[in-house]
Amino acid sequence: MGKFILVKYGNKYIGGKEPALEEIAGHFDIKDIQPRFNYSLHTEYSYSKRKFDSPHLKDCNEIKKANYNGIPMLWLNENWAKEFAKFIKNLTSGHFYPAVIEIHPPYINYSETVDKFLNIYRVFEEKIVELFPEVKIVIENRFNTMYNKSSFLISKIDDLKKLAELIETNDIKLRIVLDIPQLFSVHNIGLEESRIIRVFEEIKKFRKYISGIHIWGKIKNQGKRAAAHY
């Protein structure tokens, strides 16, 4: 039977418990990383505008060009995938290797199918496995964004099912890190217990391809909108 390990997110984790991993930001504006122990590199998630001014994006012109009003367009083509591996190599140089690399899906308006995405992703995986043979690569389902041309390719239950099917038939390392709050949001689940149970019954069908979860609460301060990651 599986069990959870704790991942330290910023300064927010269960008091008195030692986390097994820490999450380290690895987006396109990051200047450097300072991991203190085993870490999960949380790469660009394409929510809002970036300056693309990380020194580790040197010679990564395809990544710099791939944006819409400054919002990164992930997994645009194979050259982008090659440069993404180069960016991670540059960013982690001089530090110990990441235990986990967390990636995020492209948008539907230029990556119409999961098959198309995986054909591009495979180029990245081959490069990364050469650099870090033992690394785990996971992809997070995504929902909210300032990108207004389309939604994320991997967001809903059916998207995750399709991804799991193709992982099985294509013999790739990629696994899912399931963001439960984002999944509930995209399906407008709310707090109705019967709807929550139905969602988890569907998740059970592809659980062998899930290697982690994101779960967190929200908080409201002085009438402001609810803030995540509490």
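Residues numbered from 1 in each chain as written. Predicted model: local features only at pLDDT ≥ 70, side-chain atom pairs only at ≥ 80, totals over all residues. Heavy atoms only, no water.

Just checking my understanding: could you explain the overall build of the protein for this structure?
Regarding its fold elements, the protein presents six helices and nine strands. Since a compact globule built from 230 residues should have a radius of gyration of about 17 Å, the 17 Å found for the protein is in line with a globular shape. With the principal axes as the frame, the protein shows a C-alpha extent of 50 × 40 × 40 Å. Just so you have it, the protein exposes about 12,900 Å², and 50% of that area is on carbon and sulfur atoms. Distance from the positive charge centre (36 side chains) to the negative charge centre (29 side chains) of the protein: 4 Å. (Helix = DSSP H or I, 4+ residues; strand = E, 2+ residues; numbered from the N terminus. Rg over C-alpha atoms; globule rule 2.2 N^0.38 Å. Areas by Shrake-Rupley, 256 points an atom, 1.4 Å probe, with all protein chains shown as cover. Lys, Arg positive; Asp, Glu negative; His and termini not counted. Charge placed at Lys NZ, Arg CZ, Asp CG, Glu CD.)

What should I look at first to understand the nonpolar core in this one?
Within soluble globular proteins, side chains that are nonpolar generally end up buried alongside one another. Counting 61 residues, the largest nonpolar core has Trp75, Phe84, Ile103, Tyr121, Phe124 and Leu174 as its most contacted members. Looking at which element gives the most residues to this core, the answer is helix H3 (residues 114-131), with eight residues. Apart from residues lying up to four places away in sequence, tyrosine 121 is in contact with Trp75, Ile103, Ile137, Ile172 and Leu174. (Core = buried A, V, L, I, M, F, W, Y, C linked by side-chain atoms within 4.5 Å. Buried < 20%, exposed > 50% of the residue type's maximum accessible area, 1.4 Å probe, protein only. Contact = heavy atoms within 4.5 Å.)

For this particular structure, what's the right way to read the packing of aromatic side chains?
Here a ring pair, both rings aromatic, is described through the centre-centre distance and the interplanar angle of the planes. By the definition in use, this model includes 20 aromatic pairs. Consider the rings of phenylalanine 117 and tyrosine 121, whose centres lie 6.1 Å apart with planes at 40 degrees: the pair is tilted. Of the two residues, phenylalanine 117 and tyrosine 121 are both situated in helix H3; the distance of four residues between them amounts to about one turn of the helix. Residue phenylalanine 117 shares its accessibility class with tyrosine 121, and that shared class is buried. (Phe/Tyr/Trp six-rings, centres within 6.5 Å; stacked < 30°, edge-to-face > 60°.)

Would you take a moment to explain the layout of surface pockets for this structure?
With a probe scaled to a water molecule rolled over the atoms, the places where space remains empty come into view. For the second largest pocket, the calculated volume is near 230 Å³. Counting residues per element, the lining of the second largest pocket draws most heavily on helix H5 (residues 180-186), which supplies four residues. Each residue belonging to the lining of the second largest pocket can be placed in one class, and the counts come to eight nonpolar, four polar and one charged. (1 Å grid on protein atoms, 1.4 Å probe; cavity = no way out; pocket = protein on both sides within 12 Å on 5 of 7 lines; lining within 4 Å. Points joined across faces, edges and corners; volume = space filled by probe spheres on them. Nonpolar A, V, L, I, M, F, W, Y, C, P; charged D, E, K, R; others polar.)

Explain the pairing of strand E7 (residues 136-140) here, please?
In regular strands, side chains alternate between the two faces of the sheet. Within E7, four of the five residues are buried, which leaves it mostly tucked inside the rest of the structure. Bridging between strand E6 (residues 100-103) and E7 involves four bridges; their strand directions are parallel. From the neighbouring strand, isoleucine 103 faces E7, where its bridge partner is isoleucine 139. On the question of chirality, the crossover connecting E6 to the parallel E7 by way of H3 is right-handed. (Pairing = 2+ DSSP bridges. Right-handed = clockwise from strand over helix to strand, strands pointing away.)

Looking at this model, I keep getting lost on the packing of H3 against helix H4 (residues 157-170). Mind explaining?
When two helices pack together, their arrangement is given by the angle between the helix axes and the distance between those axes. Close contact between H3 and H4 brings their axes to 10 Å; oriented N to C, the two are set at 50 degrees. Our classification of the angle between H3 and H4 gives oblique. As H3 runs across H4, the sense of the crossing is right-handed. In this structure, H3 contributes Val114, Asp115, Leu118 and Arg122 to the contact, and H4 contributes Lys162, Leu163, Leu166 and Asn170. In the contact of H3 with H4, the residues fall into four nonpolar, one polar and three charged. (Axes fitted to C-alpha atoms, helices over the stretch in contact; angles between N-to-C directions. Parallel < 35°, antiparallel > 145°, perpendicular 65-115°, else oblique. Left-handed = near helix turned anticlockwise from the far one by under 90°.)

I tried to follow the sheet that holds strand E1 (residues 7-8) on my own but got confused; where do I start?
Pairing between the strands of a sheet is mediated by backbone hydrogen bonds and can be parallel or antiparallel. Within the open sheet, the seven strands sit side by side as E1-E2-E3-E6-E7-E8-E9. Their pairing is parallel. Two strands bound the open sheet, and with one partner strand each, they are E1 and strand E9 (210-214). Across two bridges, the pairing between E1 and strand E2 (residues 21-26) is parallel. Looking at the pairing, valine 7 lines up with leucine 21 of E2.

When you look at the environment of leucine 178 in this model, what are you seeing that I'm missing?
Note on placement: leucine 178 falls in strand E8 (residues 175-179). Leucine 178 sits in the buried class, given a relative accessible area of 2%. Separated by 85 residues in the primary sequence, leucine 178 and serine 93 have C-alpha atoms spaced 28 Å apart. With near-sequence residues (within four places) excluded, leucine 178 lies in contact with Asn141, Leu160, Leu183, Ile203, Ile210, Gly212, Ile213 and His214.

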